[in-house]
Amino acid sequence: MPRKGMRTIFYKSPSPTRMTPPPSPLHYTFSDSLMEENIEVAEFVITKWDSPSDNDASYCNTAFLFSDNNREDAKQYLTSVKGLQKAMQYLVSHQSSSEKLVRAQTLMQTAMKRLEKEFYHILKSNRDYLDPESVSTHSSSRPSSASRSSFSEFEEDESEYELRDENESIPEVERVSLAAMADLRAIAEAMISAGYTKECIKIYKIIRKSIVDEALYHLGVERLTFQQIQKMDWEVLELKTKNWLNAVKMAVKTLFFGERILCDQVFSISSAIRESCFTEISKEGALALFGFPENVAKCKKTPDKMFRILDLYEAVSDLWPEIESIFSFESTSTVRATAVNSLIRLGDAVRTMLTDFEMAIQKDSSKSKVPGGGLHPLTRYVMNYISFLADYSGVLSDIVADWPLTIPSPLPESYFGSPDNEESISSPISVRLAWLILVMLCKLDGKATMYKDVALSYLFLANNLQYVVGKVRQSNLKFLLGDDWVTKHEQKVKQYASNYERMGWSKVLASLPENPTAEIPNDQVKDHFRKFNSAFEEAYMKQTSWVVPDPRLRDDIKISLARRIGSIYKELHEKYGGVQLRKEMWVESLVRYTPDDLGNYWSDLFYGKGSSGSVSSSSSRGGRSR
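Residues numbered from 1 in each chain as written. Predicted model: local features only at pLDDT ≥ 70, side-chain atom pairs only at ≥ 80, totals over all residues. Heavy atoms only, no water.

Visitor: A description of the overall build of the chain should follow, citing residues and the corresponding values.
Guide: If you tally the helices and strands in the chain, you get 26 helices and 0 strands. Burial status across the chain gives 48% buried among its 626 residues. Considering only residue pairs separated by 6 or more positions, the chain has 80% of its internal contacts joining residues 24 or more positions apart. If you sum the accessible surface of the chain, you get close to 31,900 Å²; carbon and sulfur atoms cover 51% of it. (Helix = DSSP H or I, 4+ residues; strand = E, 2+ residues; numbered from the N terminus. Buried < 20%, exposed > 50% of the residue type's maximum accessible area, 1.4 Å probe, protein only. Contact = heavy atoms within 4.5 Å. Areas by Shrake-Rupley, 256 points an atom, 1.4 Å probe, with all protein chains shown as cover.)

Visitor: Lay out the packing of helix α20 (residues 454-474) against helix α21 (residues 477-504) with the relevant residues and their values.
Guide: Two elements in contact, α20 and α21, have axes separated by 8 Å at closest approach and are oriented at 160°. With respect to α21, the axis of α20 lies roughly antiparallel. Where α20 crosses over α21, the handedness of that crossing is left-handed. Broken down by class, the residue content of the contact of α20 with α21 amounts to 19 nonpolar, 4 polar and 4 charged. (Axes fitted to C-alpha atoms, helices over the stretch in contact; angles between N-to-C directions. Parallel < 35°, antiparallel > 145°, perpendicular 65-115°, else oblique. Left-handed = near helix turned anticlockwise from the far one by under 90°. Nonpolar A, V, L, I, M, F, W, Y, C, P; charged D, E, K, R; others polar.)

Visitor: Mind laying out helix α17 (residues 393-400), listing which residues take part and the relevant values?
Guide: Within an α-helix, residues lying three or four positions from one another point in the same direction, as the helix has 3.6 residues per turn. For α17, the set of buried residues is V395, L396, I399 and V400. One side of α17 carries all its buried residues, which in axial view fall inside an arc of 125°. The inward-facing, buried residues of α17 contact α14 (306-326), α15 (333-362), α16 (377-390) and α19 (428-448). (Arc of directions from axis to C-beta.)

Visitor: Which residues make up unusual backbone geometry, and what are the values?
Guide: Not every positive phi belongs to a glycine, and F606 is a case in point at roughly 70°. Positionally, F606 belongs in the segment after α26 (595-603).

Visitor: Can you tell me about the packing of helix α9 (residues 172-193) against helix α10 (residues 197-219), naming the residues and giving the values?
Guide: Look at α9 against α10: their axes get within 7 Å of each other, and the N-to-C directions meet at 145°. Listed contacts from α10 to A188, M191 and I192 of α9 are T197, E199 and C200. Along the lines of polarity and charge, the residues of the contact of α9 with α10 split into 4 nonpolar, 1 polar and 1 charged.

Visitor: Before we move on, can you summarise α9 with the specific residues and values?
Guide: Look at α9: 31 Å from first C-alpha to last across 22 residues, which is about the 32 Å you get at 1.5 Å a residue. Across the 22 residues of α9, 17 count as buried, placing the element largely inside the fold. Count one or two residues on from α9 and you reach G195, which has phi positive near 90°. (Expected span 1.5 Å × (residues − 1).)

Visitor: Describe the packing of aromatic side chains, with residues and values.
Guide: For the structure shown, the criterion picks out 28 aromatic pairs. With 4.1 Å between their ring centres and 20° between their planes, F357 and Y385 make a pair best called stacked. Of this pair, F357 sits in helix α15 while Y385 sits in helix α16, and the two are 28 residues apart along the sequence. For the pair F357 and Y385, a shared accessibility class is recorded, and that class is buried. Feature note: the residues W505, F529, F532, F536, Y540, Y569, Y593, Y601 and W602 constitute an aromatic cluster, connected by ring pairs. Sitting over the face of the ring of F226, K298 holds its NZ or CZ atom 4.9 Å from the ring centroid. (Phe/Tyr/Trp six-rings, centres within 6.5 Å; stacked < 30°, edge-to-face > 60°. Lys NZ or Arg CZ within 6 Å of the ring centre and 35° of its normal.)

Visitor: How would you explain the pattern of salt bridges if you had to name every residue and give the values?
Guide: Should their charged atoms come close, side chains of opposite charge can pair. Summed over all chains, the structure comprises 25 salt bridges. Residues D213 and R223 are paired through a salt bridge, measuring 3.5 Å at the closest nitrogen-oxygen approach. Taken together, the positions of D213 in helix α10 and R223 in the loop between α10 and α11 (226-230) put the pair 10 residues apart, joining distant regions of the chain. Note that R308 is salt-bridged to E238, the shortest N-O span being 3.3 Å. Placement of the pair is R308 in helix α14 and E238 in helix α12 (residues 234-266), with a sequence separation of 70 residues. Note on E238: relative accessible area 24%, which makes it partly exposed. (Salt bridge = Lys/Arg side-chain N within 4 Å of Asp/Glu carboxyl O.)

Visitor: Any chance you could break down the nonpolar core for me, citing the residues and the numbers?
Guide: Judged by nonpolar contacts, the single largest core of 171 residues is most densely connected at F119 and F267. A per-element tally of this core places α12 first, with 13 residues. Non-local contacts of F267, meaning those with residues more than four positions away in its chain, are made with F119, A188, I192, C200, I201, Y204, I273, R274 and C277. (Core = buried A, V, L, I, M, F, W, Y, C linked by side-chain atoms within 4.5 Å.)

Visitor: Before we move on, could you go through the side chain of K205 and cite the residues and values that matter?
Guide: If you trace the backbone, K205 turns up in helix α10. Judged by its relative accessible area of 12%, K205 falls in the buried class.

Visitor: Residue-level account of the environment of V221, with values.
Guide: Within the fold, V221 resides in the loop between α10 and α11. Relative accessible area serves as the criterion here: at 11%, V221 is assigned to the buried category. Taking the C-alpha atoms as reference, V221 lies 6.4 Å from L289; in sequence the two are 68 residues apart. Ignoring anything within four residues of it in the chain, the contact list for V221 reads L216, A247 and L289.

Visitor: How would you explain the side chain of T332 if you had to name every residue and give the values?
Guide: Along the polypeptide, T332 turns up in the loop between α14 and α15. Its relative accessible area of 1% is what places T332 among the buried residues. For T332, the contacting residues outside a window of four places in its chain are F278, T279 and F327.

Visitor: Before we move on, could you go through the environment of R351 and cite the residues and values that matter?
Guide: Position of R351 among the secondary structure elements: in helix α15. Take R351: its relative accessible area is 21%, and that puts it in the partly exposed class.

Visitor: Tell me what's going on with the confidence of the model for the chain, and back it up with residues and numbers.
Guide: Per-residue confidence for the chain gives a mean pLDDT of 80, with 77% of residues at or over 70. Within the model, the stretch residues 417-423 combines pLDDT values under 50 with 8 contacts to residues more than four positions away or in other chains. (pLDDT = per-residue confidence, 0-100.)

Here's what the structure looks like:
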């Protein structure tokens with residue numbers, strides 16, 4: 001073809017009446033046709049699932065869209081809704097008065113009704129699979145699966161196969177739960193994007209709140225006012241406290257945690273909606289849960305309630321990181337505040353009860369003497385109480401950290417160690433517990449003076465301090481007070497025992513010669529045996545009702561008596577009470593006890609049995625009669 005002809009074909013201006021349509025109408029017509037097609041596709045899919053006639057074969061009224069049998073239909077339905085939404089947005093901008101827009105709006109309303117029905121059905125039918133325990137368990141271990149929505153899944157075949165492969169490797173219950181969450185999320189995104197947020201979250205809030213409330217009820221969480229709690233007997237309130245302690249961990253770590261995860265997954269499209277749903281579903285129950293310990297703490301405080309109060313404090317304190325994380329929304333700040341107020345109130349209650357406990361020790365006015373110098377009831381009660389307190393040293397450290405101990409006078413170094421010693425007691429809880437023990441020991445010092453016999457007073461102090469040391473050794477008090485404290489108080493026990501021996505057996509020891517192996521005139525030998533018999537019988541008869549409950553201390557005292565008295569008497573007996581001298585009548589009549597007899601008599605002491613006859617009645621020598 002000639003070049004001129006080519007130019008004529010390609011560059012010649014066309015006739016205005018035949019060749020040049022306006023460019024904009026061509027573009028408009030193309031876009032309009034695409035939107036029209038979107039509406040037609042949507043109408044076909046939506047009406048298929050919304051036929052008013054039960055006899056219509058195309059109407060899928062016997063099955064739900066989001067089921068295993070209709071995955072392709074569900075994918076197509078969501079895609080058509082998305083296309084319909086684009087068409088509506090286009091028509092609003094370009095043909096706002098078009099009948100097509102009215103038609104599209106009607107279809108969208110129909111689609112939303114269907115999705116609303118599907119949303120409700122998934123929530124109800126998968127209730128067992130969407131329980132908070134299941135959600136909290138698998139969502140933390142498989143976040144990628146749980147967070148994938150049906151929109152992305154349906155639109156990407158590759159993702160669908162990937163999810164399918166992944167689902168094949170997990171348990172059936174977990175697979176159903178993950179699929180339900182993904183479907184709920186896809187429906188929620190579709191409804192929220194289409195402007196049907198209110199309808200969507202209304203269903204969700206109603207169903208999920210009923211599940212949370214029912215779960216709290218089965219856990220035993222009651223909505224009790226302070227007035228109701230205040231009127232309860234302690235036995236009843238203690239039982240409810242135990243129920244609460246059994247429930248709170250499950251409620252926080254499983255129920256509320258699972259519900260928060262479910263909200264975050266289903267409504268990932270909007271943080272505001274997530275917050276609104278979770279708050280309305282969980283806030284009321286959470287306030288009831290964390291309001292209980294605060295109300296208990298406000299009730300009358302007595303030392304016997306201490307350990308339940310500490311249990312409550314420990315439970316809330318241990319769960320605080322989870323509480324702060326789960327209820328992190330601004331709209332749930334009252335839940336966090338209630339938990340914090342509970343800790344404050346409980347801490348105040350513990351401090352009050354510690355003060356009352358100390359005052360109760362100081363005001364103990366019992367005048368009755370413990371028979372035989374045994375354990376005083378105050379010692380048992382206080383040490384058992386304090387040893388239990390030591391089991392709560394962690395929470396007590398928090399409670400007393402900013403509560404300085406006010407001491408009326410400087411503390412004895414023997415109770416608290418030297419300030420220059422790195423191992424001296426320094427932690428606030430250790431100092432406070434050591435102080436309570438000191439207050440009790442001072443009280444026992446006063447009670448020891450009620451015994452007329454000084455030896456019995458020392459035995460009383462030895463017995464009670466030995467019990468204190470034993471309790472410290474056997475409990476967590478050992479770690480709080482330290483080895484130095486234990487060692488120093490063991491030395492005190494030995495000192496008390498030594499004082500008992502000195503005062504209780506001084507006459508017996510004084511009746512024996514300083515050097516029993518030396519040559520002693522017969523008259524003095526007679527006098528030594530005569531005085532020994534009298535002093536030993538008097539001491540033994542007086543002490544047959546005395547007690548030493550601790551076996552180790554009891555044996556230590558007997559061994560010490562045998563070493564201090566028995567060894568001297570044995571030497572005297574071997575030299576002047578032996579067979580070679582028994583021919584003399586005065587020796588036979590005065591030497592009533594062999595060294596073994598003394599050991600036998602001492603072995604019977606400190607059991608509190610008492611005696612009704614002469615000490616010598618059981619002697620192998622058969623001396624004095626009953």
